[in-house]
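Each chain is listed here by its residues.
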Amino acid sequence: MNVAMTFQTLNNNVCEEFELDAENWKPQLSYWLSGQLSVFSVNTRPPVVVGSDMAVRNFLRVRESEPQLNLLLSLESLPYLVDGVRVELLKC
């Protein structure tokens, strides 16, 4: 990753790396500071969603001062049709 990378390029790289079928899965990228990964901890901040070119640049800027910072991946299943019936998979 570098500051010239666009969100679309990052998203495409994630899909390629994890062999995601874009018709069935939508990747959702986010990050938290490593000490705040538990959603059950007191005073945790919500995850920062990476969904734009500016968010990619912000992630890289924060990572300069927090080298242990990792990008997190969630997958949202997209509905598809089976014999004319809309089917939705689970979110993971």
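So, how was this worked out
Residues numbered from 1 in each chain as written. Predicted model: local features only at pLDDT ≥ 70, side-chain atom pairs only at ≥ 80, totals over all residues. Heavy atoms only, no water. Buried < 20%, exposed > 50% of the residue type's maximum accessible area, 1.4 Å probe, protein only. Helix = DSSP H or I, 4+ residues; strand = E, 2+ residues; numbered from the N terminus. Arc of directions from axis to C-beta. Contact = heavy atoms within 4.5 Å. pLDDT = per-residue confidence, 0-100.

(A) Structural view of helix H1 (residues 7-17). Of the positions making up H1, those classed as buried are Phe7, Leu10, Asn11, Val14 and Cys15. Angularly, the buried residues of H1 cover 135° about the axis, an arc narrow enough to put them on a single face. For H1, the exposed residues set more than 90 degrees away from the buried face come down to Glu16 and Glu17. Buried-residue contacts for H1 involve strand S1 (25-31), strand S2 (48-50), helix H2 (53-65) and strand S3 (72-77). Glu19, located one to two residues past H1, shows a positive phi value of around 50°.

(B) Summary view of the confidence of the model for the chain. In this model, the chain carries a mean pLDDT of 82, and residues with pLDDT of at least 70 account for 82%. The secondary structure element of the chain with the lowest average pLDDT is strand S4 (residues 80-82), at 72, and the one with the highest is H1, at 94.

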